[in-house]
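Reading the structure
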Amino acid sequence: VQINAILFFQKNKRMKVSIIVPVYKSEPFLEDCINSIINQIFTDWELILVDDGSPDFCGRICDSFAVKDSRIKVLHQKNSGVSVARNRGIYQAKGEYICFVDSDDLIEPDFLNSFWIGEENADLYLQGYKIVNEDKEVQNIISFSGMDQLSVREWKSVYIFAEEKHIFNSPWARLFKRQIIIEHHIQFDSSLSFGEDHVFSLQFLLYVQTLSFIQNSGYLYVKRKQESLTSAFIPHSMFIRYVRLSYNLRIQNCEKHEIAEKHFMTFIEVEKNVYVLRAILSLFSDKKLSHKKRNELLFFYLNELNSSVAISFMPGPYKIVLAICELSPVFFLISFLRFYLIINELRLYIRKILQ
């Protein structure tokens, strides 16, 4: 099958892939990332490295690779964020398909080649990914291994499976047809600092007629120690904005593709409640707000919760938080949320010490 696929590529240059890598403060890992792309079995690609004003030597590393390989292009810009960098890469791309790789991650040699399971011309190609540590030891595999191979024209089952596995929450491990992105003006929302990858995928899926998935997991998401020990504060307003955008897009996708499976519709509502609750917890971590403003926003956010979702469906500690939010007087709720945050901060501090 691989031999036939390679011959197919050689005869059909239109299948060229544009790989977009936003680059920022990844100097220790960047060369390994680029080399993993250069070492692909499939060779009909262009690599667009977008130096997002990185203050280290990333820009020079990118330029040095471009000198050696004509398939590599470098774009330099002032620091504007990952979304702006990816958007710029999209509009400079020439390939029929677009692939995103993060500059501190890696792809296995057969990553691109393994997408081509036949001569179907899908709008979207999908595979899974591996979560590895800095020693490249596999910690977890997120993949389609639980599904039988389906026709490229199958939509519902693949979409539901990928959403429930949170495969669409990042832009990795897939090929997007560039024509769809350009024609429908799809781009990463630079005003979002949380969930922008998922929103991009959901927007793209509105226009997908055919998709294909494989059970390979050739993308390596490298989980760094520094990343596991730090967690950036996400503003409550950002959670709420993401909730609204992602929820509305999920509903639109369900309507357009005639998805009405009860378990998946419940999943969407549960996800909405989880992020509203995260917004409420973030609200109580925001020390800049006055008590009056915080309480006003609390009432506002509580109204975003879907009260029809059974508490038993909620994951882990969110069961308790949702129950308190729905059943308690406001005074007790405020006291509980303060106590919950103190306990959670203590738990995170102890985990950092142990690590």
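This text goes with the structure placed above it.
All values derive from a computational prediction rather than experimental measurement.

Each value, and the rule that gives it
Residues numbered from 1 in each chain as written. Predicted model: local features only at pLDDT ≥ 70, side-chain atom pairs only at ≥ 80, totals over all residues. Heavy atoms only, no water. Helix = DSSP H or I, 4+ residues; strand = E, 2+ residues; numbered from the N terminus. Buried < 20%, exposed > 50% of the residue type's maximum accessible area, 1.4 Å probe, protein only. Contact = heavy atoms within 4.5 Å. Areas by Shrake-Rupley, 256 points an atom, 1.4 Å probe, with all protein chains shown as cover. Core = buried A, V, L, I, M, F, W, Y, C linked by side-chain atoms within 4.5 Å.

Tallying secondary structure elements over the protein chain gives 13 helices and 11 strands in all. For the protein chain, with 355 residues in total, the buried portion stands at 52%. The contacts in the protein chain between residues at least 6 apart in sequence include a share of 79% that link residues at least 24 apart. As presented, the protein chain carries roughly 17,400 Å² of accessible surface, and 54% of it is formed by carbon and sulfur atoms.

One can find Phe111 in the loop between β5 (106-107) and β6 (124-126). Look at Phe111 and you get buried, because its relative accessible area is 0%. Between the C-alpha atoms of Phe111 and Ser217, which are 106 residues apart in sequence, the distance is 7.7 Å. With sequence-adjacent residues up to four places away left out, Phe111 is seen in contact with Gln40, Cys99, Gln127, Ala173, Gly218 and Tyr219.

Turning our attention to the nonpolar core. A general tendency of soluble globular proteins is for nonpolar side chains to be buried together. Within the largest apolar cluster, 108 residues are counted, with the highest numbers of intra-cluster contacts made by Val17, Ile19 and Leu112. The leading source of residues in this core is helix α10 (residues 262-283), at 11 residues. Those residues in contact with Val17 that sit more than four places away from it in its chain are Phe42, Asp44, Trp45, Glu46, Tyr97, Cys99, Leu112, Trp116 and Leu175.

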